[in-house]
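# Geometric and topological summary
Residues per chain, in single letters:
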Amino acid sequence: MTVSLSTTRTGSGEPLLLLHGMGSSRRDFTAVADLLAERFDVLNVDLPGVGRSPVLERRPTVAAITDAVERTLDAAGVGSVHVLGNSLGARVALELAVRGRARSVVAIAPSGLNVPRERAFQGTGMALARVVTRTTAPLVEPLSRSAPGRATLLAPLKARAWSTSPEEAIGAREGFADSRDFWRTLLWGLLLDVPRGLDRIDCPVTLVQGVADWVASGQTVRYLPLVPGSRFRPLLWAGHAPQSDRPRTIVRLVEEAARRAGQPADSSALRYEQRNRAPDIASVKSASQAGSSDAKAV
């Protein structure tokens, strides 16, 4: 499949990609998207089978989903990007980093490192959520108009579910009830996924998990010894998808990761250009020498 994923693009500056989790849509970043657009060129995508994004013809493994994301970036004329991802989206963000396409990553509760017992628990919970939201789908929009209604809909994912927006509640319906490839994504994208090549990541990575997150269990910190130079940040008063629980903190973490990445021509960006764009050797040497000079100056 060569069709791009459905994307909204706002703001200006260095490119920042937003990747939502399974059971939601790009609406889940409503609380932070405008704040991020004040500094970044924000690309907010719906993952395959969600919203207007097409279903993958291949099995929706993390690799296949990442391929679709890369094609979307190519179509938008964007090379390496900063990435903010949540859950499955965070796992895809790390895969982009493995491929050298990420300038920096903020990964909130990334999937992929839970043990079999935890996978069974997560799979059962996701399956039940699918069945319940499919049954109650007509009620989602009316419930989304009130704080108590949104709290009822989003309590499993948010620590402060009453403070969410109607957009986020609709996003949960799009991700659970309306998803056109839910079961295959659950199997291949979550339950059977095993991360590989994490030691090849050479961009700044911040791993984030809400202390009230019961969905991700303890798998987020398991990435720390596997991702070189990664940092872990627990969030108080935050759940599995804390974008609206702690929006300004999330924005600050993205900005900090981007600053750690330095100039756009950092090592990961250069590696991506060398592998996929085949620039002339002189330009690569020039960029590398400039980086060395900066390091000596510091």
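Just above, that's the structure.
Residues numbered from 1 in each chain as written. Predicted model: local features only at pLDDT ≥ 70, side-chain atom pairs only at ≥ 80, totals over all residues. Heavy atoms only, no water.

### Details of the packing of helix H1 (residues 30-37) against helix H8 (residues 247-261)
For any two helices packed against each other, one specifies the inter-axial angle together with the distance between the axes. The following threshold applies: Throughout, an axis means a line fitted to C-alpha atoms (over the contacting stretch in the case of helices), and angles, computed between N-to-C directions, take values from 0 to 180 degrees. Numbering of helices and strands runs from the N terminus; a helix is a DSSP stretch of H or I covering at least four residues, while a strand is a stretch of E covering at least two. Geometric relationships in this document are graded by angle, where less than 35 degrees denotes roughly parallel, more than 145 denotes roughly antiparallel, 65 to 115 denotes roughly perpendicular, and other angles denote oblique. The sense of a crossing depends on the near helix, which, turned anticlockwise from the far helix by less than a right angle, makes the crossing left-handed and, turned clockwise, makes it right-handed. In what follows, a contact means two residues having at least one pair of non-hydrogen atoms within 4.5 Å. When residues are sorted by character, Ala, Val, Leu, Ile, Met, Phe, Trp, Tyr, Cys and Pro go into the nonpolar class, Asp, Glu, Lys and Arg into the charged class, and all the rest, Gly among them, into the polar class.
Running from amino to carboxyl end, H1 crosses H8 at an angle of 45 degrees, the nearest separation of the two axes being 9 Å. It follows that H1 is oblique to H8 by the angle criterion. In this structure, the crossing between H1 and H8 has a hand that is right-handed. Within the contact between the two elements, H1 uses Ala-31, Val-32, Leu-35 and Leu-36 and H8 uses Pro-247, Arg-248, Ile-250, Val-251 and Val-254. Its residues placed into classes, the contact of H1 with H8 shows 8 nonpolar, no polar and 1 charged.

### Brief notes about the sheet that holds strand E3 (residues 41-45)
Stated formally: Between any two strands, pairing holds if DSSP finds at least two bridges.
On the basis of which strands lie adjacent, the open sheet formed by 7 strands has the order E1-E3-E2-E4-E5-E6-E7 and mixed pairing. The open sheet has two edge strands with one neighbour each: strand E1 (7-11) and strand E7 (231-235). The mean inter-strand angle of the sheet, taken between neighbouring strand axes irrespective of direction, is 20 degrees. Packed on one face of the sheet, helix H2 (residues 62-75) meets E1, strand E2 (15-19), E3 and strand E4 (81-86) and runs near 145 degrees to E2. Helix H3 (residues 88-98) contacts E2, E4, strand E5 (102-108) and strand E6 (205-210) of the sheet and is inclined by roughly 155 degrees relative to E5.

### Structural notes on the packing of helix H5 (residues 147-154) against helix H6 (residues 166-175)
Where H5 contacts H6, the axes come no closer than 10 Å and their chain directions differ by 35 degrees. Considering the relative orientation of H5 and H6, their crossing is left-handed. The residues of H6 that touch H5, namely those facing Arg-150, Leu-153 and Leu-154, are Pro-166, Glu-168, Ala-169 and Ala-172.

All quantities given are derived from atomic positions and should not be read as evidence of function.
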